[in-house]
Amino acid sequence: CQVVEGEKLFDIMVRYQAPYRSTLDEIRKITVVTPEGYRVPLEDLGRIELKEGASDLYRKNTQRFIPIRFEVRGSDLGGTVARAQRRIAREVLLPPGYSIQWTGEYESEQRAAKRLSLIVPLTVLAIFVVLYAVFSSAKWAAVVLTNLALAGIGGVLALFITGTYFSVSSGIGFLALFGVSVQTGVLLISYIHQMRLNGLPLREAILKGSQLRLRPIMMTGLVATFGLIPAALSHAIGSDSQRPMAIVIVFGLVSDLALGFFVLPVLYEWAARKDDHLRY
């Protein structure tokens, strides 16, 4: 039964008074008026019995819904829900008027993933703009950005080796890793620029700059690495939200330190020209 009030539609549930519905016998004696005007007991129209069922009726946006809750173990939430959606679409035929909505943590994860897919490109673009402002050169900004790829290799391999699924937490870990990686590249290239401005030949400036910047860059990376190792190895309650982020940062920094001092100097020498406008 429904009632219309203006443009709004409200569901109405009609109930008998409590004295006439407190027992099964009283419910059976409830009379129903036939089209001919006769009163017929309800027990003559059907079988009335007591059965177990839902104790609460849930409503959202004036519609009834049945909540079904499940937890995911040994798999990622997004992949599990995707497989469940395909199987339900293939094997379950919903009655008219019924629909399925996947909400809860999955819905929150989907919203966060959409935001992250926008934030990551904007972050990389913002980093490039800042690097261009620092060096006044798109070439050197691009060389520094290669450090992001080197660090990303370590982060991706870490997720694969540890069997950790990509999530919003690991995505935030990649963003934090990008910041440290850019700092490492800026320190190295700025010092090489300084050596060249002091009159050193290109090859000698690269070697000396890499040697002198090795210690401070390693200290910066190792402090963050050692600080996050406990979180990366934790399996206690609540660690699922912090462990993916810590794994990405720890292994990404190790990869960045291990590869950065081999790849960045080579890229610098390949990109350097005698008429470069150097700024540090």
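Here goes a summary of the coordinates provided.

Rules used in this analysis
- Residues numbered from 1 in each chain as written.
- Predicted model: local features only at pLDDT ≥ 70, side-chain atom pairs only at ≥ 80, totals over all residues.
- Heavy atoms only, no water.
- Salt bridge = Lys/Arg side-chain N within 4 Å of Asp/Glu carboxyl O.
- Helix = DSSP H or I, 4+ residues; strand = E, 2+ residues; numbered from the N terminus.
- Buried < 20%, exposed > 50% of the residue type's maximum accessible area, 1.4 Å probe, protein only.
- Contact = heavy atoms within 4.5 Å.
- Polar contact = N/O pair within 3.5 Å; in protein donor to acceptor, adjacent residues only side chain to side chain.
- Pairing = 2+ DSSP bridges.
- Expected span 1.5 Å × (residues − 1).
- Phe/Tyr/Trp six-rings, centres within 6.5 Å; stacked < 30°, edge-to-face > 60°.
- Lys NZ or Arg CZ within 6 Å of the ring centre and 35° of its normal.
- Patch = residues over 30% accessible without salt bridge, like charges linked within 9 Å, V, L, I, M, F, W, Y side chains within 5 Å.
- Areas by Shrake-Rupley, 256 points an atom, 1.4 Å probe, with all protein chains shown as cover.

With that settled, consider the pattern of salt bridges. Under the counting rule described, the total for this entry stands at six salt bridges. Residues E91 and R87 are paired through a salt bridge, measuring 3.3 Å at the closest nitrogen-oxygen approach. Remark: R87 and E91 occur in helix α2 (residues 77-91); sequence separation between them is four residues, near one turn of the helix. Residue R87 is classed as exposed on the basis of its relative accessible area, which comes to 52%.

What follows covers the environment of S169. Summarising the element assignment, S169 is placed in helix α5 (residues 168-197). The spatial distance from the C-alpha of S169 to the C-alpha of N61 is 32 Å, given a sequence separation of 108 residues. In this view, S169 contacts S241, Q242, P244 and M245; residues no more than four positions away in its chain are not counted. Only 3.4 Å separates the side chain of S169 from the backbone nitrogen of M245, close enough to count as a polar contact.

For the rest of this paragraph, the subject is the pairing of strand β2 (residues 8-11). Two strands pair when backbone bridges link them, and strand β1 (residues 2-5) and β2 are joined in this way by four bridges, in the antiparallel orientation. Among the inter-strand pairings, V3 is bridged to a residue of β2, identified as F10. Connecting β1 to the next strand, β2, in antiparallel fashion are two residues, including G6 with a positive phi near 70 degrees.

Now for helix α4 (residues 138-162). Each α-helix winds once per 3.6 residues, and so residues spaced three or four apart point in a common direction. Look at α4: 37 Å from first C-alpha to last across 25 residues, which is about the 36 Å you get at 1.5 Å a residue. For α4, the N-terminal capping position is held by S137, with its side-chain oxygen 3.2 Å away from the main-chain nitrogen of K139. Positive phi appears at G163, one or two residues downstream of α4, with a value of about 70 degrees.

Let us look at the packing of aromatic side chains. If you walk through the whole model with that rule in mind, you get one aromatic pair. Taken together, a centroid distance of 4.5 Å and an interplanar angle of 20 degrees make the contact between W140 and Y268 stacked. Pair noted here: W140 is in helix α4 and Y268 is in helix α7 (residues 243-271), with a separation of 128 residues, a long-range link. Overall, W140 belongs to the buried group, its relative accessible area being 1%. For Y268, a relative accessible area of 0% translates into the label buried. Stacked on the ring of Y191, the Lys or Arg R213 has its end atom at 4.3 Å from the ring centre.

The next point concerns the environment of T184. Along the chain, the position of T184 falls in helix α5. With relative accessibility at 10%, the residue T184 sits in the buried group. Sequence-wise, T184 and G78 are 106 residues apart; in three dimensions their C-alpha atoms are separated by 34 Å. Here T184 is in contact with N147, I217 and D256, once residues within four sequence places are set aside.

Further remarks concern α2. For α2, built from 15 residues, the straight-helix expectation of 21 Å at 1.5 Å per residue is met to within 8% by its first-to-last C-alpha distance of 21 Å. All of the buried residues along α2 are L77, G79, T80 and V81. Buried positions along α2 lie against α3 (105-135).

Turning to a nonpolar patch on the surface, a few remarks are in order. A contiguous nonpolar patch, built from I153, L157, F160, I161 and L259 and spanning about 550 Å² of accessible area, is present on the exposed surface. Among the elements that line the nonpolar patch, the one with the most residues is α4, at four residues. Classification of L157 by relative accessible area gives partly exposed; the value is 46%.

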